[in-house]
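Each chain, letter by letter, is given below.
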Amino acid sequence: MADVFISYSRKDKDFVKTLHTALVERDRNAWVDWENIPLTADWWQEIERGIEAADTFVFVVTPDSIASKVCNQEIDHAVKHNKRLVPIVRRDDFAAEHAHDALRRHNWLLFREQDDFDQAFQSLLRAIDTDLDYVRSHTRLLERAIEWNHQEEDESFLLRGKDLAEARQWLLQGAAKEPHPTTLQTDYVLTSGKAETARRDAEIKRQQAEIKQQRLWLGLVFAALAVATGLGVFAFRQYQVAREGEVKAVLASSEALFASNRKFDALIEALRAGRLFKQSHMQQSVLQTQVLTTLQQAVSWVRQANSIQAHKSGITDLVLSPNGQTLASASRDGTVKLWRLDGSLIHSLEGHTYTVWGVSFSPDGQTIASSSGDYTIKLWRINGTLLRTLKGHTGRVLATSYSPDGKILASISKDGLVKLWKPDGTLVTTLKAHKGGVRDLAFSPDGQFLLSVGADGLIKQWRLDGTLLATLKGHQDEIKSVSFSPDGQRFVSASADKTVRLWKRDGTLVKVLNGHTDAVSKVVFSPDSQLLASISYDKTVKLWKLDGTLIATLNGHQEIVQSVAFSPDRRTIATASRDKTIKLWTLTGTLLETLSGHTDWVKHLVFNRDGSFLFSASDDKTIKLWNFNQPLIKILRGYQEPLQKVVFSPDGKFVVSSSNDATPILWRSSGTLVTPLKGHLKDIAGLSFSPDSQTIASTSADKTVKLWNLTGALQTTLKGHKDTVWEARFSPDGKQIATADEDGTAKLWQSSGTLLKTLPHHDGVNDIRFSPDGHTIATASSDKTVKLWKRDGTHIATLSGHTAIVYRVVFSPDGQLLASAGKDGTVKLWQHDGKLLQTLIGHQGSVFQLAFSPDGRTLASAGADNTVRLWKRNGTLLAILQGHNAEVRDVRFSPDGQAIASASYDNTIKLWSLDGRLLRTLTGHEGGVVNIDFSPDGKLLASAGLDKQMILWDWNVSLDALMEHGCTWVHHYLAQNPTVTERDRHLCDGIAVQQK
């Protein structure tokens with residue numbers, strides 16, 4: 001094993017010798033190809049082994065190494081195995097965009113002649129030594145995984161015992177570290193775990209057999225009962241320990257897969273853990289919490305619902321039948337396969353002798369045309385019967401397309417010809433279309449004419465009788481695709497000349513769309529014909545208006561984008577790439593989600609009719625089904641800034657949220673968008689509903705409070721504050737509104753907007769509350785005090801004692817107590833008349849939030865010390881809820897008072913019992929969670945995250961329900977996929993599944 005592999009151009013050999021010497025002097029082992037690999041050795045295999053065995057891959061960046069084929073192959077191999085890459089620049093007289101993508105994603109160390117070598121070398125050593133134990137484990141595990149793979153996955157090469165436990169722990173760390181685990185490493189650890197589980201199962205069965213045998217050997221009934229019982233207890237304990245270890249191991253596997261973005265596989269493992277836990281009948285609350293958390297995480301965030309496979313080579317085309325019930329896939333294996341949407345194979349259409357490049361359905365869905373590299377087209381009935389083979393092309397037939405009425409079939413070929421055929425296969429005419437080959441064709445939606453484009457950079461317009469209507473020029477290189485708008489009024493062409501051209505139906509050029517920096521391979525219209533999406537070899541997608549205005553450039557894919565598709569409702573764009581991922585975007589260019597699971601280039605995307613499913617086809621030989629009907633969560637997107645507030649209406653029908661911008665958004669609690677509330681000029685600070693759920697109050701940095709109705713109409717604006725208004729609260733009867741302002745005042749208003757009274761503090765007012773009976777108002781201020789006021793604004797008392805800013809004040813449900821907390825880290829309990837009862841000490845930093853339980857017996861405080869503390873009404877500490885890894889920003893009791901939810905900057909929400917026991921952890925936010933709220937019925941929990949997402953959680957789901965949800969999700973895969981083991985095929989036996 002080497003510390004470093006150095007990749008370089010031979011022209012920089014002298015520098016590399018200097019670098020190598022410096023590394024050796026610092027006791028670093030460097031692998032360098034000095035051109036002295038033995039002649040008898042396979043040179044490239046030695047290079048590969050050197051890269052695999054090194055902890056760090058150092059690339060010497062010069063114009064020569066960037067241009068070197070071998071150097072780029074070395075980078076590719078390092079990237080394949082997720083090696084730590086450290087680029088060092090020796091000569092910088094080159095264009096950075098010419099460097100390998102993997103190099104551009106890293107910071108470069110400067111080792112140029114004008115740079116200080118010693119200083120740069122120290123930076124290199126720091127890079128090499130960072131997280132060294134983790135990186136060395138990565139290398140060791142990679143070498144063992146590669147050996148296992150080379151030995152055809154021989155079980156004797158698997159990990160066991162301590163090695164397996166350490167590997168599982170390393171895998172769990174991998175999601176948050178660089179370099180990430182590879183797919184091979186993950187599979188190696190998981191397979192090792194499954195083998196270990198099988199050995200444990202065998203040992204348990206052996207022990208049970210021994211017990212049974214002992215019973216048979218005992219002659220006396222009493223002795224038999226006594227001994228058997230003793231042995232039984234001993235065996236049961238062993239069984240329980242073994243089962244507990246097995247469940248923990250499977251949970252670790254699920255967590256590792258989830259962290260590696262293999263969420264579908266994570267769900268399978270989580271279901272396995274759930275089944276093992278249920279079968280073991282263990283009363284182990286900590287383990288049950290782990291099972292619930294891991295299974296809920298997997299069920300909530302999985303998107304892949306199936307993996308359809310039977311092809312023996314990469315998939316080249318994927319289409320959905322006109323009725324939306326059948327998928328057809330074409331492959332390099334020379335076949336077309338027809339699939340039901342559940343993944344079951346209907347027919348395999350075999351007969352081509354070379355790659356099938358394209359497949360198309362007739363408009364009535366009864367006939368399938370396949371086009372192949374064997375120069376032929378084959379027509380098939382939907383039942384798989386071959387109707388006819390169409391010959392005549394003298395080059396690869398790339399694609400076919402039916403006219404809208406189904407009376408003409410057009411085929412295109414590398415031979416430069418377009419052929420028109422009758423549905424029965426009779427040749428109508430041959431169009432000598434394009435020199436160098438035809439690249440694409442499209443029928444007008446009304447079927448009046450046909451467009452063809454080719455390598456000659458021309459667009460040709462044809463009648464269906466073969467008459468040439470027009471030849472359209474303008475592109476300066478080959479045209480790769482052409483498509484009509486759904487309304488038939490325009491068409492668009494994409495070219496290797498880096499442009500998109502938009503044309504009227506009659507061939508008039510409307511606009512040239514410039515902006516891509518490499519060949520444009522495809523462009524498509526949105527379903528309403530109003531937008532365009534173009535994909536390019538420059539790895540971007542661009543969205544355009546019809547007037548040529550660029551809406552957004554979608555950056556994020558690491559390799560060439562292969563496919564793009566609009567969802568039927570026009571709200572989402574899906575893109576597929578050679579980087580093996582699919583990305584979902586909004587129409588404004590915001591990345592919604594990255595779907596991972598394919599292991600090779602993703603080539604084609606197809607939405608189902610209602611947009612609830614997306615099918616993807618890949619060179620990895622599989623079709624994957626992605627389901628957007630998530631059973632346990634609703635992700636509410638549309639925000640451009642981090643979220644800050646989320647509030648349910650008292651009747652539970654609505655939820656309103658705000659981010660760091662001027663526009664709150666109103667939603668139904670089902671997750672349906674109602675309306676944005678537009679009117680504020682600066683960021684929103686606070687939100688609340690009136691008691692009757694009919695009015696929303698929003699406060700803002702624009703110094704105003706606005707009242708809205710449920711249609712989003714502005715009812716009135718409360719003006720008078722001089723700084724940010726932090727909070728607005730309605731009185732219990734809804735007749736008054738109290739507001740808290742940074743200007744050092746609170747104000748009382750009639751609900752109609754009339755100002756009643758101004759309540760002064762000596763510094764900003766951070767919080768304001770009405771007592772449950774509505775007779776008293778409490779204000780918390782940065783002047784270190786809490787003040788009590790009558791409903792008419794008369795001052796009652798000033799509560800002094802805090803030594804720093806007071807952030808929060810809350811009344812107990814019976815109105816007899818008041819709790820306050822702030823920056824001084826204390827919580828103070830007061831009588832309703834202002835008398836101090838207790839100062840609760842324990843938090844090691846600011847206290848951000850307070851909440852009384854519905855019965856008023858318990859107070860929860862959330863702090864910057866990563867904890868929630870539970871206190872009795874008399875101030876006695878009940879429990880410290882520990883488990884968060886960052887500040888806890890919010891805490892709430894469920895409406896029934898049986899659970900406590902805490903939200904943290906560690907991106908999680910935790911649910912706790914009243915005695916402080918962790919019930920489950922909700923994961924999924926990719927930024928801190930700053931605010932949460934239970935729905936009035938307690939079934940939903942809403943969370944606001946710094947990741948610009950609001951999530952509605954169905955949080956209190958039983959283990960049985962989670963198992964049912966999970967098995968419903970995967971049951972088609974378990975039933976249909978040929979790679980599923982017999983053991984896994986029965987994973988969900990006995991668990992009810994809902995038919996989708």
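Residues numbered from 1 in each chain as written. Predicted model: local features only at pLDDT ≥ 70, side-chain atom pairs only at ≥ 80, totals over all residues. Heavy atoms only, no water.

### What to know about the environment of V524
Working step 1: Take V524: it is sitting in strand β27 (residues 520-525).
Working step 2: Sequence separation between V524 and S483 is 41 residues, and the spatial gap between their C-alpha atoms is 6.5 Å.
Working step 3: Not counting residues up to four positions away in its chain, the partners in contact with V524 are S483, L531, L532, A533, V564 and F566. (Helix = DSSP H or I, 4+ residues; strand = E, 2+ residues; numbered from the N terminus. Contact = heavy atoms within 4.5 Å.)

### Observations concerning the domain arrangement of the protein
Working step 1: According to the domain assignment, the protein consists of domain 1 (2-189), domain 2 (207-297), domain 3 (316-560), domain 4 (634-957) and domain 5 (958-995).
Working step 2: Each of domain 1 and domain 4 has a C-alpha centre, and these two points are 51 Å apart. (Domains from an automatic or database assignment.)

### Structural notes on helix α6 (residues 117-129)
Working step 1: In this model, α6 (13 residues) spans 18 Å end to end at C-alpha, consistent with the 18 Å of a helix rising 1.5 Å per residue.
Working step 2: All buried positions along α6 are accounted for by A120, F121, L124, L125 and I128. End-on view of α6: buried residues confined to an arc of 145°, all on one side of the axis. Exposed side of α6, more than 90 degrees from the buried face: Q119 and R126 are the residues found there.
Working step 3: Check the buried side of α6 and you find it contacts β1 (2-7), α1 (13-25), β3 (54-61), β4 (84-89), β5 (109-110) and α7 (132-150).
Working step 4: At the C-terminal side of α6, D131 shows a positive phi close to 50°. (Expected span 1.5 Å × (residues − 1). Buried < 20%, exposed > 50% of the residue type's maximum accessible area, 1.4 Å probe, protein only. Arc of directions from axis to C-beta.)

### Focus on the environment of T581
Working step 1: Inspection of the secondary structure puts T581 in strand β33 (residues 581-585).
Working step 2: Once residues within four sequence positions are removed from consideration, T581 is found in contact with H557, T575, A576, T594, L595, S596 and V602.
Working step 3: Side chain to side chain, T581 and D579 meet in a polar contact 2.7 Å long. (Polar contact = N/O pair within 3.5 Å; in protein donor to acceptor, adjacent residues only side chain to side chain.)

### Notes on the packing of helix α11 (residues 263-280) against helix α13 (residues 959-976)
Working step 1: Two elements in contact, α11 and α13, have axes whose closest approach is 10 Å; the angle formed by their N-to-C orientations is 130°. By the criterion of interaxial angle, the relationship of α11 to α13 is oblique. Where α11 crosses over α13, the handedness of that crossing is left-handed. Between α11, through F264, L267, I268, L271, G274, R275, F277 and K278, and α13, the contact on the second element is made entirely by L959, D960, M963, G966, C967, W969, V970, Y973 and L974.
Working step 2: Its residues assigned to classes, the contact of α11 with α13 shows 12 nonpolar, two polar and three charged. (Axes fitted to C-alpha atoms, helices over the stretch in contact; angles between N-to-C directions. Parallel < 35°, antiparallel > 145°, perpendicular 65-115°, else oblique. Left-handed = near helix turned anticlockwise from the far one by under 90°. Nonpolar A, V, L, I, M, F, W, Y, C, P; charged D, E, K, R; others polar.)

### Re the packing of α11 against helix α12 (residues 285-301)
Working step 1: At a minimum axis separation of 9 Å, α11 and α12 run at an interaxial angle of 150°. Handedness of the crossing formed by α11 with α12: left-handed. When α11 is examined against α12, the residues K263, A266, L267, A270, L271, G274 and F277 are found in contact with a partner set consisting of L287, Q288, V291, T294, L295, A298, V299 and W301.
Working step 2: For the contact of α11 with α12, the class distribution of residues is 11 nonpolar, three polar and one charged.

### Here's the deal with the pattern of salt bridges
Working step 1: In this structure the tally under the stated criterion is 37 salt bridges.
Working step 2: Residue E46 is joined to R49 by a salt bridge in which the shortest nitrogen-to-oxygen separation is 2.8 Å. With E46 and R49 both in helix α2 (residues 43-52) and three residues apart, this pair spans about one turn of that helix.
Working step 3: Classification of E46 by relative accessible area gives partly exposed; the value is 25%.
Working step 4: For the salt bridge of D265 with R262, the shortest nitrogen-to-oxygen distance reads 3.1 Å.
Working step 5: The exposure class of R262 is buried, given its relative accessible area of 17%. (Salt bridge = Lys/Arg side-chain N within 4 Å of Asp/Glu carboxyl O.)

### What about the sheet that holds strand β12 (residues 367-372)?
Working step 1: Ordered by their spatial adjacency, four strands build an open sheet running β11-β12-β13-β14, and the pairing between neighbours is antiparallel. For this open sheet the edge positions go to β11 (356-361) and β14 (386-390), each flanked by a neighbour on one side alone. Strand-to-strand twist across the sheet, computed as the mean angle between neighbouring axes with direction ignored, equals 20°. (Pairing = 2+ DSSP bridges.)

### Remarks on unusual backbone geometry
Working step 1: Backbone torsion omega between E178 and P179 reads -5°, so that peptide bond is classified as cis.
Working step 2: If you trace the backbone, P179 turns up in the loop between α8 (161-173) and α9 (183-217).
Working step 3: In this structure, N82 is a non-glycine residue whose phi angle is positive, near 50°.
Working step 4: In this fold, N82 is placed in the loop between α4 (69-80) and β4.

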